[in-house]
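What the coordinates show
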Amino acid sequence: MSQPFDAAQDMKDAPRTGGRQRPKDAATLILTRGAAGSTEVLMGRRAPGHVFMASKWVFPGGRIERADYTAASATDLPPQDAARLAREGNARRARALALTAVRETFEETGLMLAEPAPVASVAGPWREFRAAGALPDLSALSYVARAITPPGRTRRFDARFFMADAEALLHPEPTAGSGELDEIAWMPLSKARALDLPAITRFVLGEVAERLAQPKRPLPFVRMVRGAHHVEHQE
């Protein structure tokens, strides 16, 4: 069953302000834990002072950075997910997006999706992984959704959503992270959907619930086409 998308709420989440911002590549990680029927998902609440989505509950994530193109990893993306992402650009950017999801999750929650692997040199935002003797575990990721912020917004993102099981984390509980999220918690899926969520987050939570039962379902791509929200499902 396809999840409904709340277009009206999406317009309220990020009102049109004019301008010609181009979407910036970004990535988000949805961490899950627990058995079917009692699955929990990691959520964080954005601090009230944020210009974009203030006080909303979201998944950890953010914009791609230059260092994400050259960072080392312990494993590669699953072939099918790498191929899907590569069709949207190229293999180098596909890998960088996966690394963005891992890095942003660490920065915002302190959680490392990684494997023990002493590293001689890891530059820039990846030095914490070197200190922990770890490298990102990209094989634990599944690419599950894509969404582009509508035009005319103050900030626009071409966001790719990944899922991973908490068993792939080096340690199971989040820390304070960078402070971008003022509260971080594991929540049952049913409770998470009752939070103050952006429309896209609510949509992806529904997709997560469906995907736990049907891992090979088509990937949804949410964007605005000729002034109207459109959800396309890609194999």
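Quick caveat, the model's predicted, so the values are computed rather than measured. (Residues numbered from 1 in each chain as written. Predicted model: local features only at pLDDT ≥ 70, side-chain atom pairs only at ≥ 80, totals over all residues. Heavy atoms only, no water.)

**Digging into the packing of aromatic side chains**
Overall, the coordinates contain two aromatic pairs when judged by the stated rule. Considering the side-chain rings of Phe 106 and Phe 129, the 5.5 Å spacing of their centres and the 70 degrees angle between planes classify their relative orientation as edge-to-face. Of this pair, Phe 106 sits in helix α3 (residues 91-109) while Phe 129 sits in helix α4 (residues 127-131), and the two are 23 residues apart along the sequence. One Lys or Arg, Arg 146, reaches over the ring of Phe 221 and ends 4.3 Å from the middle of that ring. (Phe/Tyr/Trp six-rings, centres within 6.5 Å; stacked < 30°, edge-to-face > 60°. Helix = DSSP H or I, 4+ residues; strand = E, 2+ residues; numbered from the N terminus. Lys NZ or Arg CZ within 6 Å of the ring centre and 35° of its normal.)

**Considerations on the nonpolar core**
Leu 29, Leu 31, Leu 113, Leu 141 and Phe 162 are the most contacted members of the largest nonpolar core, which totals 36 residues. Of all the elements in the fold, those that place two or more residues in this core are β1 (24-33), α3, β8 (157-165) and β9 (181-188). Ranked by the residues each element gives to this core, the list is headed by α3, at eight residues. For Leu 141, the contacting residues outside a window of four places in its chain are Leu 29, Leu 77, Pro 78, Asp 81, Ala 98, Val 102, Leu 113, Phe 162, Met 163 and Ala 164. Counting residues in hydrophobic clusters, the runner-up holds 25 residues, among them Ile 30, Val 41, Phe 161 and Val 222. (Core = buried A, V, L, I, M, F, W, Y, C linked by side-chain atoms within 4.5 Å. Buried < 20%, exposed > 50% of the residue type's maximum accessible area, 1.4 Å probe, protein only. Contact = heavy atoms within 4.5 Å.)

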